[in-house]
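Topology and contacts: notes
Chain by chain, the residues:
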Amino acid sequence: MKALQELVYILSRNKTKNIRQYGFLQDKSGRLMAFYNALLDEKFNTDEEAAKALLNTSSKDKTYRRLKNKLKKELLNALFFVDTSKGNYTDLQKAYHECYKDWSNLKILLGYKSRSAWLDFFEKLLTKAIKFEFTDIAFNVARVLKSQYSIQLRDEKKYIKYEKLVNHYLFILQLEVKSEDVYNKITMEYARSISSNPEFYLFIQEHFLEFKDYLGKINSYRFNMS
């Protein structure tokens, strides 16, 4: 229930109006829309309450579970249609939404072996990902472009360009993952109230020395913050 409540919180009625034309929440029974509106109005706190009100059954009933899963899928799909040009979104929030949405779409196209026709779009996405320091997207898009200019287009100059970018962002991505892991371990140690353990301080010191040469010198918000 919590997952549905969070999705409904993100998707207001105003944000869903523009996608009604695609059949969003338009099942014949009207239960999807009823479920959505009830969650929006905070009428349900548990699955039992929702199942009883909507279907006069228990939360374990297959019909209710199917309804709940269908609503969850509809709401997840609706996230692609959120209009970030409206509302109090920062430039970073807008870029985050647009980049990850575009990467998801392009990733699907890759599954259909559709690449050449979308090279310009891949390159624009890479430029935006680099600007806003979305390391994982920059790395993955650069990989696609490197492969494309090697196998299909055989453009050595561009191949070398994207090969360098792949290696660059792989290095940054590895730093991000490692620093996040260290941060998580430190957080867990404090949560266990054993931060006075001398070995814990040696752990922090060791990894600080490992990371300090890169602090503020690489374009990675996640690394510099962690």
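A few words on the overall build of the chain. Helix and strand counts for the chain come out as 11 helices and 0 strands. Along the chain, helices (α) and strands (β) appear in the sequence α-α-α-α-α-α-α-α-α-α-α when read from the amino end. Scored against the burial criterion, the 226 residues of the chain give a buried share of 32%.

Let us now look at the packing of helix α1 (residues 2–10) against helix α3 (residues 31–40). One can describe the packing of α1 onto α3 by two numbers: an axis separation of 9 Å at closest approach and a directional angle of 85 degrees. The angle between α1 and α3 places the two elements in the roughly perpendicular class. Within the contact between the two elements, α1 uses Leu4, Gln5 and Val8 and α3 uses Phe35, Tyr36, Leu39 and Leu40. Residues of the contact of α1 with α3, tallied by class, amount to 6 nonpolar, 1 polar and no charged.

What follows covers the pattern of salt bridges. Here the structure, examined in full by the defined rule, presents 5 salt bridges. With a closest N to O distance of 3.8 Å, glutamate 123 and lysine 158 form a salt bridge. Here lysine 158 lies in helix α9 (residues 156–191) and glutamate 123 lies in helix α7 (residues 119–131), a separation of 35 residues in the sequence.

Now for the nonpolar core. Counting 27 residues, the largest nonpolar core has Trp103, Phe122, Leu126, Ile137, Val141 and Leu145 as its most contacted members. If you list the elements that add at least two residues to this core, you get α6 (91–111), α7, α8 (135–151) and α9. A total of 8 residues in this core trace back to one element, the largest contributor, which is α8. When near neighbours in sequence (up to four residues on either side) are disregarded, isoleucine 137 contacts Cys99, Tyr100, Trp103, Leu125 and Ala129. Judged by nonpolar contacts, the second largest core, of 25 residues, contains Met1, Tyr36, Leu39 and Ala51.

On to the packing of aromatic side chains. A full pass over the atoms with the stated rule returns 8 aromatic pairs. Look at tryptophan 118 and phenylalanine 121: their rings are 6.0 Å apart centre to centre, the planes differ by 80 degrees, and that puts the pair in the edge-to-face class. In this structure tryptophan 118 comes out as partly exposed when scored by relative accessible area, which is 33%. A residue is classified by how much of its surface remains accessible, and phenylalanine 121, at 34% relative accessible area, is partly exposed.

What follows is about the environment of glutamate 123. What makes glutamate 123 buried here is its relative accessible area of 18%. Each C-alpha atom, one on glutamate 123 and one on leucine 145, is 7.8 Å from the other, the two residues being 22 residues apart in sequence. When residues no more than four places from it in sequence are discounted, the contact partners of glutamate 123 are Leu145, Tyr149, Lys158 and Tyr162.

Criteria and thresholds
Residues numbered from 1 in each chain as written. Predicted model: local features only at pLDDT ≥ 70, side-chain atom pairs only at ≥ 80, totals over all residues. Heavy atoms only, no water. Helix = DSSP H or I, 4+ residues; strand = E, 2+ residues; numbered from the N terminus. Buried < 20%, exposed > 50% of the residue type's maximum accessible area, 1.4 Å probe, protein only. Axes fitted to C-alpha atoms, helices over the stretch in contact; angles between N-to-C directions. Parallel < 35°, antiparallel > 145°, perpendicular 65-115°, else oblique. Contact = heavy atoms within 4.5 Å. Nonpolar A, V, L, I, M, F, W, Y, C, P; charged D, E, K, R; others polar. Salt bridge = Lys/Arg side-chain N within 4 Å of Asp/Glu carboxyl O. Core = buried A, V, L, I, M, F, W, Y, C linked by side-chain atoms within 4.5 Å. Phe/Tyr/Trp six-rings, centres within 6.5 Å; stacked < 30°, edge-to-face > 60°.

By themselves these figures say nothing about function.
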